[in-house]
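# Coordinates in review
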Amino acid sequence: MPSTTTPELIFLVIYFLVLAIVSIYGAHRYFMAFLYYRHKYNTLDPLPFEGPLPRVTIQLPLYNEMYVCERLIDSVCAIEYPRERLEIQVLDDSTDETRRIAAASVEQWRGRGVDVVYVHRDNRAGFKAGALENGLGLAKGDLIAVFDADFVPDADFLRRTVRFFSNAKVGMVQVRWGHLNREFSMLTQAQAMMLDGHFIIEHTARNRSGRFFNFNGTAGIWRRQTIQDAGGWQHDTLTEDVDLSYRAQLKGWQFVYLPEVVSPAEVPVEMNAFKSQQHRWAKGSIQTAKKLLPAIFKSDLPWSVKIEAFFHLTNNLAYPLMVVTSILMPISVVVRLRHGWYAVLLLDFPFFVAATLSVCGFYIASQREVGLSWRKQLRYLPFLMSLGIGLSINNARAVFEALFNHNNVFTRTPKLGMGRVDKGWALKRYRGSRLSLQPFFEIALGVYLSFAVWFVADHRLWASLPFLVLSQIGFLYVGLMSLFQGHQLFRRRSVEVVEEAPAIEVG
């Protein structure tokens, strides 16, 4: 048996250190589930209002949303609230057909007596945060609600949320997202489960245990005074919602989360759009961590709040470590096998349980709590875990861009107005991020892991197999779907360009 070299020992130490850190972030899901079940009934009962209901402004930020803007405006204008106390702002930064559709819809509802105004900016300064801040300067309301273009709020949204502002300490109320197109595909099913875990378990656990949680950029309502007291909407991060939320809670404002109130929305149906959304969220959370964690740790907040804020805002640091783990794991297996350390291979299994199987318990719990059959949803879990791993190159790039202050451009997530079974997404004009070299790196890592899967199976090293298989499938799926769907959209766009080209007259 060959002797162990110093480089091999250093390599194994680095490998297990990286694996341990990933496992800590994975095991944090167990803690979130513990907090959820311990505090889920710690609800806040609203006090009755004294005097008239507060004036409310609902802001609808739009940017090239031609497929969904009319649906949004119609649903918001149908919200039940005293008309003399309600204002609706359509904040449109669009450069396409959306402008005409939104303006026409606004005029139609104004003719019915609804106080709805159309506000168009000729530039996108500050992106969404800039549009909201601009609208705030024109708003009449004491309370400010926000809905993104793909949402369809129920008519009772204000009736179920405004009453909590009878407590003068409450600065924001957030409701749970629903999913209009959950059943569209495996990808949308997985996204719905991911969001359910966040909204059912994490939000409830943080809010009702006294930790900080965040406004999600939409389907929530703010006290205007809270926004102003916290410094207003700022656009130095890509997650202006998380940034403002933490600044407001640092000021002492209380937030309320209502998981029983659901506002339906659309999840991306195309891989590149999904990756673009995840990239923005991952990058923005790290930007917010850089910006606010020093102030959080210097504050007089309890350590339980500070530590949870750290895990919440830095959670995406796990993605670069997952990429490193996926690369190093096959090499570590070869090194240990070379020295006959068969028993040491079993050390991977506890890390696998902490880092990966925690996903199973976390998301199954969320599906039970949302009222779905956890047995039926169980079939999506392997795919969900693979998808999470497959996203790690995409989100790791976002983390490094945030750490090194690179390319702070807001990339919108296309909203296509897709239903449960509508398969015409490739015919829509909007698309996700442009084709790049990233899918080729994802596919290359998937091929590399395929050789690793063959090697460990051939040597019957079953303890190392589960994580390798999940990673192999995840990287291959994400990479191949990015190329395939991106190519479909590219071909469609090329056809549109040819069709729209002016005819050349031959004299």
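Anything mentioned here points back to the structure above.
On a predicted model such as this, the values are computed, not experimentally measured, just so you know.

## Concerning helix H6 (residues 186-208)
For H6, which comprises 23 residues, the first-to-last C-alpha distance of 32 Å matches the rise-based estimate of 33 Å (1.5 Å per residue) to within 8%. The largest bend along H6 measures about 30° and falls at glutamate 202. The element H6 is extensively covered by neighbouring structure, given that 22 of its 23 residues are classed as buried. Measuring from the side-chain oxygen of the N-cap residue of H6 to the backbone nitrogen of leucine 187 gives 3.3 Å; that N-cap residue is serine 185.

## Section: the packing of helix H15 (residues 392-403) against helix H16 (residues 438-458)
Where H15 contacts H16, the two axes come as close as 9 Å, and the packing angle between them is 130°. With respect to H16, the axis of H15 lies oblique. On H16, the residues that touch Ile393, Asn394 and Arg397 of H15 are Gln438, Phe441, Glu442 and Leu445. Looking at the contact of H15 with H16 residue by residue, the classes come out as three nonpolar, two polar and two charged.

## Digging into helix H10 (residues 303-314)
Residues spaced three or four apart along an α-helix face the same direction, because each turn holds 3.6 residues. For H10, built from twelve residues, the straight-helix expectation of 16 Å at 1.5 Å per residue is met to within 8% by its first-to-last C-alpha distance of 16 Å. Turning to H10, its buried residues are Val305, Lys306, Glu308, Ala309, Phe311, His312, Leu313 and Thr314. Check the buried side of H10 and you find it contacts helix H1 (6-39), H6, helix H8 (240-250), helix H9 (271-298) and helix H11 (318-338).

## Focus: the packing of aromatic side chains
One pass over the full model with this rule turns up 20 aromatic pairs. Aromatic side chains phenylalanine 147 and phenylalanine 157 sit 4.8 Å apart centroid to centroid with 70° between the ring planes, which places their arrangement in the edge-to-face category. In this pair, phenylalanine 147 is assigned in the loop between strand E4 (143-146) and helix H5 (157-161) and phenylalanine 157 in helix H5, connecting sequence segments ten residues apart. For phenylalanine 147, a relative accessible area of 0% puts it in the buried group.

Conventions adopted
Here the residue numbers are simple positions, counted from 1 along each chain's written sequence. In keeping with the predicted nature of the model, local features appear solely for residues at pLDDT of at least 70, side-chain atom pairs appear and are counted solely at 80 or more, and the whole-chain, interface and lining totals rest on all residues. Side-chain metrics in this entry use all non-hydrogen atoms of the structure; hydrogen atoms and water are not considered. Helix and strand definitions here come from DSSP, where helices need a minimum of 4 consecutive H or I residues and strands a minimum of 2 consecutive E residues; each element is numbered from the N-terminal end. How far a helix is expected to stretch is found by multiplying one less than its residue total by 1.5 Å. Note on bend: the value at a residue is the angle between axes fitted to the seven residues ending there and to the seven starting there. With a 1.4 Å probe rolled over the protein chains alone, any residue whose accessible area is under 20% of its type maximum counts as buried; one over 50% counts as exposed, and the rest are partly exposed. N or O atoms within 3.5 Å of each other form a polar contact, as long as, within protein, one can give a hydrogen and the other can take it, and as long as residues adjacent in sequence are counted only when both atoms are side-chain atoms. Only C-alpha atoms enter the line fits that serve as axes; for helices the fit covers just the stretch in contact. Angles between N-to-C directions range over 0 to 180 degrees. Throughout this description, any angle smaller than 35 degrees is read as roughly parallel, any larger than 145 degrees as roughly antiparallel, any in the 65 to 115 degree range as roughly perpendicular, and the remainder as oblique. What makes two residues a contact is simply this: any of their non-hydrogen atoms within 4.5 Å. Throughout, the ten residues Ala, Val, Leu, Ile, Met, Phe, Trp, Tyr, Cys and Pro are labelled nonpolar, Asp, Glu, Lys and Arg are labelled charged, and all others, Gly among them, are labelled polar. Only rings of Phe, Tyr and Trp enter the pairing, Trp through its six-membered ring, and a pair is recorded when the two centres are within 6.5 Å. The plane angle decides the type: under 30 degrees is stacked, over 60 is edge-to-face, the rest tilted.

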